[in-house]
Protein chains: 2
Amino acid sequence: MKQIITISRQFGSGGRTIAKKVAERLGIPFYDKEIIAKICQQSGLSEEFVAENGEYTTSHSQLMFHGYGPNGFSGFSSVNNVYDQLYAIQYGIILDIAAEGPCVILGRCADYVLRDREDCLNVFIHSDMEKRILRAEGYAENKEKNVKKFLIDRDKKRRLYYKYNTDRNWGEAENYDLVLKSSSIGIDACAEIICNAYKNGL
Amino acid sequence: MKQIITISRQFGSGGRTIAKKVAERLGIPFYDKEIIAKICQQSGLSEEFVAENGEYTTSHSQLMFHGYGPNGFSGFSSVNNVYDQLYAIQYGIILDIAAEGPCVILGRCADYVLRDREDCLNVFIHSDMEKRILRAEGYAENKEKNVKKFLIDRDKKRRLYYKYNTDRNWGEAENYDLVLKSSSIGIDACAEIICNAYKNGL
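For every chain, the first residue of the written sequence is number 1, and numbering continues from 1 onward in sequence order. As a convention, the first chain written is A and the first ligand written is 1, with the rest following in written order. It should be noted that, the model being predicted, local features are given only for residues of pLDDT at least 70 and side-chain atom pairs only at 80 or more, the latter also being counted only at that level, while totals for whole chains, interfaces and linings use all residues. To get the side-chain values, take all heavy atoms of the structure and skip hydrogens and water.

Colleague: Mind showing me how you'd approach unusual backbone geometry here?
Modeller: Excluding glycine, a negative phi dihedral is what most residues carry, and trans is how most peptide bonds are arranged. A positive phi angle is found at Cys109(A), which is not glycine, with a value near 55°. Following the sequence through the fold, Cys109(A) ends up in the loop between β3 (103-106) and α6 (110-113). Of the residues examined, Cys109(A) reaches a relative accessible area of 5% and is grouped as buried. The phi dihedral of Asp167(B) is positive, around 60°, even though this residue is not glycine. Accessibility expressed as a relative area gives 59% for Asp167(B), which makes it exposed. Here a helix means four or more residues in a row that DSSP labels H or I, a strand means two or more in a row labelled E, and each is numbered from the N terminus. Relative accessibility thresholds used throughout: buried, under 20% of the residue-type maximum; exposed, over 50%; partly exposed, between the two (1.4 Å probe, protein chains only).

Colleague: How should helix α1 (residues 15-26) of chain B be read in this particular structure?
Modeller: Because each turn of an α-helix spans 3.6 residues, side chains separated by three or four positions end up pointing in the same direction. Expected helix span is given by 1.5 Å per residue-to-residue step, counting one fewer step than there are residues. If you check α1(B), its first and last C-alpha atoms are 16 Å apart, about what 12 residues at 1.5 Å a residue would give, namely 16 Å. Summarising the contacts, the buried residues of α1(B) are in contact with β1 (4-9), β2 (30-31), β3 (103-106), β4 (120-126), α9 (182-185) and α10 (187-200) of chain B. Should any heavy atoms of two residues lie within 4.5 Å, those residues are considered in contact.

Colleague: In this structure, what is going on with the interface of chain A and chain B? I would like to understand it.
Modeller: Interface extent is often summarised as the accessible area lost during association of the parts. Every contact between the two is made by 26 residues of chain A and, on the other side, 26 residues of chain B. Two parts lose some accessible area (1.4 Å probe) when they are put together, and adding that loss for both gives the buried area. Summed over both partners, the interface of chain A with chain B comes to about 1800 Å²; 55% of that surface belongs to carbon and sulfur atoms. Salt bridges, as used here, are contacts in which a Lys or Arg side-chain nitrogen is within 4 Å of a carboxyl oxygen on Asp or Glu. Summed over the shared surface of chain A and chain B, the number is zero salt bridges. Two N or O atoms count as a polar contact when they lie within 3.5 Å, although within protein this holds only if one can serve as hydrogen donor and the other as acceptor, and sequence-adjacent residues are included solely when both atoms are side-chain atoms. Summed over the shared surface of chain A and chain B, the result is 13 residue pairs in polar contact (both at pLDDT 80 or more). In this scheme, strands are said to pair when DSSP sees at least two bridges between them. With three bridges connecting them, strand β5 (residues 178-181) of chain A and strand β5 (residues 178-181) of chain B associate as antiparallel partners. From the neighbouring strand, Val179(A) faces β5(B), where its bridge partner is Val179(B).

Colleague: Sorry, what's going on with helix α2 (residues 33-43) of chain B here?
Modeller: Residue and element names in this part refer to chain B. For α2, the complete set of buried residues consists of Ile35, Ile36, Ile39 and Cys40. All buried residues of α2 project into a common sector of 140° when viewed along the axis, lining one side. α2 presents Gln41 and Gln42 as exposed residues on the side facing more than 90 degrees away from its buried surface. Within two residues after α2, Gly44 carries a phi angle of roughly 80°, on the positive side. Working note: the arc is built from the helix axis to C-beta atom directions.

Colleague: How should I be thinking about the side chain of Gln10(A) in this particular structure?
Modeller: Along the chain, Gln10(A) turns up in the loop between β1 (4-9) and α1 (15-26). Relative accessible area serves as the criterion here: at 2%, Gln10(A) is assigned to the buried category. Within the local environment of Gln10(A), its side chain forms a polar contact with the backbone nitrogen of Ser127(A), the two atoms lying 3.2 Å apart. In contact with Gln10(A), other than residues within four places in its own chain, are Phe124(A), Ile125(A), His126(A), Ser127(A), Arg132(A), Asp155(A), Arg158(A), Trp170(A) and Glu174(B).

Colleague: Looking at this structure, how should I read the packing of α1(A) against helix α10 (residues 187-200) of chain A?
Modeller: Each pair of packed helices can be described by the angle between their axes along with the distance between the axes. All names here are of chain A. Close contact between α1 and α10 brings their axes to 9 Å; oriented N to C, the two are set at 45°. In terms of axis orientation, α1 runs oblique to α10. Pair α1 / α10 crosses with right-handed handedness. Counted together, Thr17, Ile18, Lys21, Val22, Arg25 and Leu26 of α1 and Ile187, Asp188, Cys190, Ala191, Glu192, Ile194, Cys195, Tyr198 and Lys199 of α10 form the full contact between these two elements. Counted by class, the contact of α1 with α10 contains nine nonpolar, one polar and five charged residues. Fitting a line to C-alpha atoms yields each axis, with helices limited to the stretch in contact; the angle taken between N-to-C directions then spans 0 to 180 degrees. Angle categories: roughly parallel below 35 degrees, roughly antiparallel above 145, roughly perpendicular from 65 to 115, and oblique for all the rest. Crossing handedness follows the turn of the near helix against the far one: under a right angle anticlockwise gives a left-handed crossing, and clockwise gives a right-handed one. For this classification, Asp, Glu, Lys and Arg are treated as charged, while Ala, Val, Leu, Ile, Met, Phe, Trp, Tyr, Cys and Pro are nonpolar and the rest, including Gly, are polar.

Colleague: Is there a simple way to think about the nonpolar core in this case?
Modeller: Soluble globular proteins tend to pack their nonpolar side chains together in the buried interior. In terms of nonpolar packing, the biggest core is built from 56 residues, with Ile35(A), Ile105(A), Leu114(A), Ile35(B), Ile105(B) and Leu114(B) touching the most fellow members. Contacts of Ile35(A), omitting those with residues within four sequence positions, involve Ile93(A), Ile94(A), Ile97(A), Ile105(A) and Arg108(A). Ala23(A), Phe30(A), Ile7(B) and Leu26(B) belong to the second-largest nonpolar core, a separate cluster that totals 50 residues. In this description, a nonpolar core means a group of buried Ala, Val, Leu, Ile, Met, Phe, Trp, Tyr and Cys residues linked to one another through side-chain atoms lying within 4.5 Å.

Colleague: Looking at this model, I keep getting lost on the side chain of His126(A). Mind explaining?
Modeller: With respect to the helices and strands, His126(A) occurs in strand β4 (residues 120-126). What makes His126(A) buried here is its relative accessible area of 1%.

Colleague: Even after reading the chapter, I still don't get the environment of Asn165(B), so can you show me in this structure?
Modeller: Residues and elements named next belong to chain B. With respect to the element layout, Asn165 can be found in helix α8 (residues 147-166). With relative accessibility at 10%, the residue Asn165 sits in the buried group. Along the sequence, Asn165 and Ala88 sit 77 residues apart, while their C-alpha atoms lie 9.9 Å from each other. In contact with Asn165, other than residues within four places in its own chain, are Tyr87 and Tyr112. Of the polar contacts made by the side chain of Asn165, one reaches the backbone oxygen of Tyr161; its length is 3.0 Å.

Colleague: Please clarify how the layout of surface pockets should be interpreted in this entry.
Modeller: If a probe the size of a water molecule is rolled over the atoms, the empty space left behind becomes visible. Space inside and on the surface of the protein is sampled on a 1 Å grid over the protein atoms alone, with a cavity defined as a set of points where a 1.4 Å probe fits but cannot get out and a pocket as an open set with protein on both sides within 12 Å along at least 5 of 7 lines; lining residues have an atom within 4 Å of a point. Grid points are joined across faces, edges and corners, and a volume is the space filled by probe spheres set on the points. The volume enclosed by the largest pocket comes to roughly 770 Å³. Taken together, 26 residues line the largest pocket, and the ones lying closest to its centre are Glu118(A), Asp177(A), Asp128(B), Lys181(B) and Ser184(B). Elements supplying a minimum of two residues to the lining of the largest pocket: β4 of chain A together with α7 (129-137) and α9 of chain B. Top contributing element to the lining of the largest pocket by residue count: α7(B), with four residues. Residue composition of the lining of the largest pocket, by class: five nonpolar, seven polar and 14 charged.

Colleague: Just checking my understanding: could you explain the sheet that holds β3(B) for this structure?
Modeller: Strands in a sheet are paired, the pairing made by backbone hydrogen bonds, and the direction either parallel or antiparallel. Read across the sheet, 10 strands follow the order β2(A)-β3(A)-β1(A)-β4(A)-β5(A)-β5(B)-β4(B)-β1(B)-β3(B)-β2(B) without closing on themselves; strand pairing throughout is mixed. Both edges of this open sheet fall to β2 (30-31) of chain A together with β2 of chain B, since each of them pairs with a single strand only.

Colleague: Would you mind showing me how to read a negative patch on the surface here?
Modeller: Like-charged residues are merged into a patch within 9 Å and nonpolar side chains (Val, Leu, Ile, Met, Phe, Trp, Tyr) within 5 Å, provided each residue has over 30% relative accessible area and no salt bridge. In short, Shrake-Rupley with a 1.4 Å probe defines the accessible areas, and a residue's cover is counted only from the protein chains shown. Asp and Glu count as negative and Lys and Arg as positive, but His and the ends of the chain are not part of the count. A charged residue contributes its charge at one atom only: NZ of Lys, CZ of Arg, CG of Asp or CD of Glu. Together, Glu172(A), Glu174(A), Glu172(B) and Glu174(B) make up a negatively charged patch on the protein surface. With respect to the helices, strands and loops of the structure, Glu172(B) is situated in the loop between α8 and β5.

Colleague: Could you clarify how one ought to interpret the relation of the copies chain A and chain B in this entry?
Modeller: Relating the two copies of this chain is a rotation about some axis coupled with a shift parallel to it. For these two chains of identical sequence, chain A goes onto chain B by a turn of 180° and a shift of 0.0 Å along the axis, with RMSD 0.0 Å. As the rotation angle and translation indicate, the two copies are arranged about a two-fold axis. Here 100% of the interface residues in chain A have copies in chain B that are interface residues too; the copies meet face to matching face. Overlaid copies result from least-squares superposition on C-alpha atoms, with residues included only where pLDDT is at least 70 in both.

So this is what it looks like as structure tokens:
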């Protein structure tokens, strides 16, 4: 029987909407912004900094990625330190949240952080680019942007962040119990499939 | 509305069983061995040769893969020719089958062959290694084999075959509408999810 649902998603895939629906239908807590708030409390970092650097690699950590991991050569560690500290705090918070009981956790490498628990249902949501653009254009912060370029950049930074911290490939089928293309399946049907898999899964 | 279901799968994941169940429940034809028979008819090749080389790369085509594709440098083409001919015949047969109406097609790069049709539901089935070994050990042809080594080899050869012929990565989430881990979800639940997505999909 599954206890925890982790949902990784492409920006603009509707993954957050699906995760919320799943938590509501199952009557279990949904963790997204709450994790950011907890990290801010523990670290003293700003909400903006945590939101940007808790899921996306920066140019600094991209540099580190090319040959230098958190446990590797530490010549640049003073530059990279705050990013690795943020990751370590986030890691601990996700472990604590999962220890409290059933919940849905959005993003933040939670599938990797909880890799030793066999009671996680790990989900990845993606979508075709056309529908991602339509969805992302609706967000206030994206006015006047080249949304397609923005989305491709988000993908790249999320993929690098995930690779750097987990040494896995983001969006590789084998890492997930369920991968759903929301633009083919539909937002509501995605939520239903996840709920059923959680309730009936092996 | 979707018309065609393509199902790619890891050896030992139960993908063939799931594909059969889906076709039965939806009352549409299931193509697996029938494709092999059609290829044998058209090519004069033996059933054994087609079964082995219509989904798996050989040492010859692995050689070609390292820098030489079907349209690339042709210095080795006499060696590779029969494999490329087999792929071309298989390609045409899959197009013909799909043109006839709704059906389920197992493996053979059908997701790629039919990439220009928007009415395909593309599915990938995988499983944890433990359950794959149990399943594969049950097949008569695997008696006295090191089954884990055999499965890893099958994965490698299928991945190379797919890469060589499609220039895509086998099992990469973005290529599929649905990716299901049969060892987490269950064989019957996988079939049900696919049937529902086919009937209700966008």
